[in-house]
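Each chain, written out:
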Amino acid sequence: MSLDSADGGDRAVSPSRGRSRALAVLVLLGVAAAGAVAVGLAVRGAQPPLPGLPDPGEAVRVGLPAVRVAAEVLAVLVLGALVAAVVLVPDPDDRGRAARWAGRLSGCWALLALAMVLLTVSDSMSMPPHEVLTAGHLFPGIGMFTAATAWLVVAHAAALVWLWEKFAVPAVGLLCASVIGVAPVALTGHSSAGGDHDWATDSLMAHVLAAAVWVGGLVAVLVVAGARRHYAVRAIRLYSAIALACWLVIAATGVVNAFLRVRPTDLWTTDYGALLLAKTAAILVLGALGYLHRVRTIPRVEAGRFSGFLRVGAVEVLLMLVTVGIAVGLARSPGPGAEPGPGSTTRSLLGYGLPDRPSMERMLTQWRPDLVFGTLAVVAAVWYLAALRGRASWPVERTLSWLAGCLVLGAATSSGLGKYEPAVLSAHLVLQVLVGVVAPILLARGRPLALARVEPAGWPRLWVAAAVFAVPPALLYVLGLYDGVAGQHWARLLLLAWSLAAGLVLFSAPVPRRAPVMLVSAVYLATGLALLAREAVLGQAFFAELELGWRHDGAGIQSAAGWVAVTAAVVVAVYAGSLGARRDPEPESD
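Draft legend 1. Region of interest: the overall build of the protein. Each helix and strand counted, the protein has 24 helices and 0 strands in total. Considering the protein as a whole, with its 590 residues, one finds that 49% of them fall into the buried category. Put simply, 81% of the contacts in the protein that link residues at least 6 apart link residues at least 24 apart.

The structure is reproduced here in structure tokens:
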């Protein structure tokens, strides 16, 4: 990746190009080393094929970890380039170049993800790839194996980044699509089964995303430093803060995941534990190198001396990429279970049991922290309060509204309501309304962009935002597709994130409009009427699998869910009627 002009303009500098080429060679060497580590660990831990039994072949045993390393490194580079385009780089021309590089790399990422689909099906079915293709097992296998499905989602997300870049979609949209592409594989594997797998998958997803931003961001900032851009010092300091946050997230989520998946004795007695310790050691060394940057190399950069930063950064990149190889080998290794035996079906499906009938008291008292949205609520509240320092004239009602929105988001997802949501459709609808409507309205009234002194150049079309908001209720409850995703943790994360993001865009508009909000009200009304009129119980096949210990009145719960949606329609309509033509003027800057 290079920030130099591709057409040989006056900003093209030969030493800068040389440093970019050196960084590219360094990344290729790191990929080769990571691939060698991943393949070596995978081959070492694989059971030798037995005569007469199906065998996918050496091409799959070696190719799968190698291709996965390459795919994950490309994902990291795409994410890093887009983080640079959105956050690190203020120059419009350089932002465009970073986005174009992300588009080019995402095309290769999509192709490797498609290759991973084939290799995963082949490995899972113990058949060589050519037999999977010729025997027509590929598409049925994608539906059978969640890892293959996850890689197909990755391929689609990467292709979307490639396509959107061609159509000049803003870099923030490309960044969101790339994040979606990084997340799915984290929802499969060792962490996706057994007790507490909701916490395990959430922590692993945060772990993977933080690592991708950390590694990709470092490559991007090395490109900026190597090009000696006028904003290089600012970008390096900003990345340093981001890297520290990523390192803390990686360390915390790694501890959580290890605690949930591995017994302490397994760390010293199993290959999985040894790999986990090796990965931990690498992360600690990288943390030490980050500290070295803060106390030594960044002050030198501020004095105009970049060589120390570039040298230490090069060592970091190599070690990070080798750590990616260790992580791939870890994913291919049989993981020791932290539980002595299987639990109930409910615990297996949800990650926890639900022995007691839901009641208002239990909804309020039986908390189970949501590691994604609960953490997001806490971080948002802390950020807002920290940003208030030095803003003497900020209206107190905005602060109270923001904190109330954070409280609604955190309490809705982490209280008994969030705990019972997968098994009780009415709780599911209440959660959607709180996260998609109530929390965004309160957060919007907190005016976070004004607090951060950010003035957006434009705003998404509100009719588009309302249509996006309407898609999940229409598909899941009106058309009945909820049957296919009931109880799926990935679906919960996607649905809540979708509703929260669409709600924030819709209700935070600088110039609010009643009509798009009324569309949301109409969708909720249609959802409620569809649920009240439906004879078949949505999600009944999933609910029947649960061992709840109490009678699950599916029809009655669905009727209650219908009335929840009707009530939400009325509340949203009342809110739409209260909208004025414009928001209050901003307080004068301090």
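Having seen it, we continue.
Draft legend 2. Representation of the environment of Leu371 in the model. The residue Leu371 is located in the loop between α14 (360-365) and α15 (373-387) in this model. C-alpha of Leu371 to C-alpha of Thr413: the two residues are 42 residues apart in sequence and 9.3 Å apart in space. Dropping the residues within four chain positions of it, Leu371 is found in contact with Trp199, Asp202, Ser203 and Val256.

Draft legend 3. Structural detail: the pattern of salt bridges. Per the stated rule, a full pass over the model turns up 5 salt bridges. Between Glu72 and Arg68 there is a salt bridge, with its nearest N and O atoms 2.8 Å apart. Taken together, the residues Glu72 and Arg68, both in helix α2 (residues 58-88) and 4 residues apart, mark about one turn of the helix. Classification of Arg68 by relative accessible area gives buried; the value is 16%. With its nearest N and O atoms 2.8 Å apart, the salt bridge here joins Arg492 to Glu421. Of the two residues, Arg492 sits in helix α21 (residues 489-507) while Glu421 sits in the loop between α17 (416-420) and α18 (425-445), which places them 71 residues apart along the sequence. Owing to a relative accessible area of 12%, Arg492 belongs among the buried residues under this scheme. Note on Glu421: relative accessible area 4%, which makes it buried.

Draft legend 4. Spotlight on the confidence of the model for the protein. For the protein, the average pLDDT comes to 84, and 90% of its residues sit at 70 or higher. When the criterion is pLDDT under 50, residues 5-13 qualifies, and its contacts beyond four places in sequence or with other chains add up to 12 contacts. When the criterion is pLDDT under 50, residues 338-342 qualifies, and its contacts beyond four places in sequence or with other chains add up to 9 contacts.

Draft legend 5. Local environment of a nonpolar patch on the surface. Together, Val464, Val468, Val471, Leu475, Val478, Leu479, Leu481, Trp490, Leu494 and Trp498 make up a nonpolar patch on the protein surface, roughly 840 Å² of accessible area in all. Top element by residues in the nonpolar patch is helix α20 (residues 462-478). It accounts for 5 residues. With respect to the helices, strands and loops of the structure, Trp490 is situated in helix α21.

Draft legend 6. Broad picture of helix α8 (residues 197-226). Here α8 contains 30 residues, and its C-alpha end-to-end distance of 43 Å stays within 8% of the 44 Å for a straight helix at 1.5 Å per residue. Just downstream of α8, Arg228 is the residue with a positive phi angle, here 55 degrees.

Draft legend 7. Representation of a positive patch on the surface within the structure. A cluster of basic side chains, namely Arg296, Arg300, Arg305 and Arg311, defines a positive patch on the protein surface. Assessed through its relative accessible area of 39%, Arg300 is described here as partly exposed.

Draft legend 8. Local environment of the nonpolar core. If you look at the biggest cluster of nonpolar residues, it comprises 83 residues, and the most contacted ones within it are Trp109, Trp151, Trp214, Ile236, Tyr239 and Val317. It is α2 that provides the largest number of residues to this core, a total of 17 residues. Beyond its immediate stretch of four places on either side in the chain, Trp109 contacts Ala71, Leu74, Ala75, Val78, Val154, Ala158, Ser178, Gly181 and Val182. If you look at the next biggest cluster of nonpolar residues, it comprises 53 residues, including Val424, Leu425, Ala491 and Leu546.

Draft legend 9. Expanded view of the packing of aromatic side chains. If you walk through the whole model with that rule in mind, you get 7 aromatic pairs. Each ring, one from Phe507 and one from Tyr575, has its centre 5.6 Å from the other, and the planes form 80 degrees; the classification is edge-to-face. Of this pair, Phe507 sits in helix α21 while Tyr575 sits in helix α24 (residues 554-578); the two residues are 68 residues apart in sequence, bridging distant segments of the chain. Taken individually, Phe507 and Tyr575 each receive the classification buried, so the pair is uniform in this respect.

Draft legend 10. Up close: α15. When the terminal C-alpha atoms of α15 are compared, their 21 Å separation across 15 residues agrees well with the 21 Å that a helix rising 1.5 Å per residue should span. Along α15, the residues classified as buried are Phe373, Gly374, Ala377, Ala380, Ala381 and Tyr384. Here the buried residues of α15 occupy an arc of 130 degrees about the axis, which is enough to place them on one side. Facing away from the buried side of α15 by over 90 degrees, the exposed positions are Val378 and Val382.

Draft legend 11. Spotlight on unusual backbone geometry. Even without a glycine there, the phi angle at Ala168 is positive, about 60 degrees. Considering the arrangement of structural elements, one finds Ala168 in the loop between α6 (146-166) and α7 (171-182). Note on Ala168: relative accessible area 64%, which makes it exposed. Here Arg447, not a glycine, exhibits a phi torsion of approximately 50 degrees, which is positive. Mapped onto the fold, Arg447 is located in the loop between α18 and α19 (448-451).

Reading the values: the criteria
- Residues numbered from 1 in each chain as written.
- Predicted model: local features only at pLDDT ≥ 70, side-chain atom pairs only at ≥ 80, totals over all residues.
- Heavy atoms only, no water.
- Helix = DSSP H or I, 4+ residues; strand = E, 2+ residues; numbered from the N terminus.
- Buried < 20%, exposed > 50% of the residue type's maximum accessible area, 1.4 Å probe, protein only.
- Contact = heavy atoms within 4.5 Å.
- Salt bridge = Lys/Arg side-chain N within 4 Å of Asp/Glu carboxyl O.
- pLDDT = per-residue confidence, 0-100.
- Patch = residues over 30% accessible without salt bridge, like charges linked within 9 Å, V, L, I, M, F, W, Y side chains within 5 Å.
- Areas by Shrake-Rupley, 256 points an atom, 1.4 Å probe, with all protein chains shown as cover.
- Expected span 1.5 Å × (residues − 1).
- Lys, Arg positive; Asp, Glu negative; His and termini not counted.
- Charge placed at Lys NZ, Arg CZ, Asp CG, Glu CD.
- Core = buried A, V, L, I, M, F, W, Y, C linked by side-chain atoms within 4.5 Å.
- Phe/Tyr/Trp six-rings, centres within 6.5 Å; stacked < 30°, edge-to-face > 60°.
- Arc of directions from axis to C-beta.

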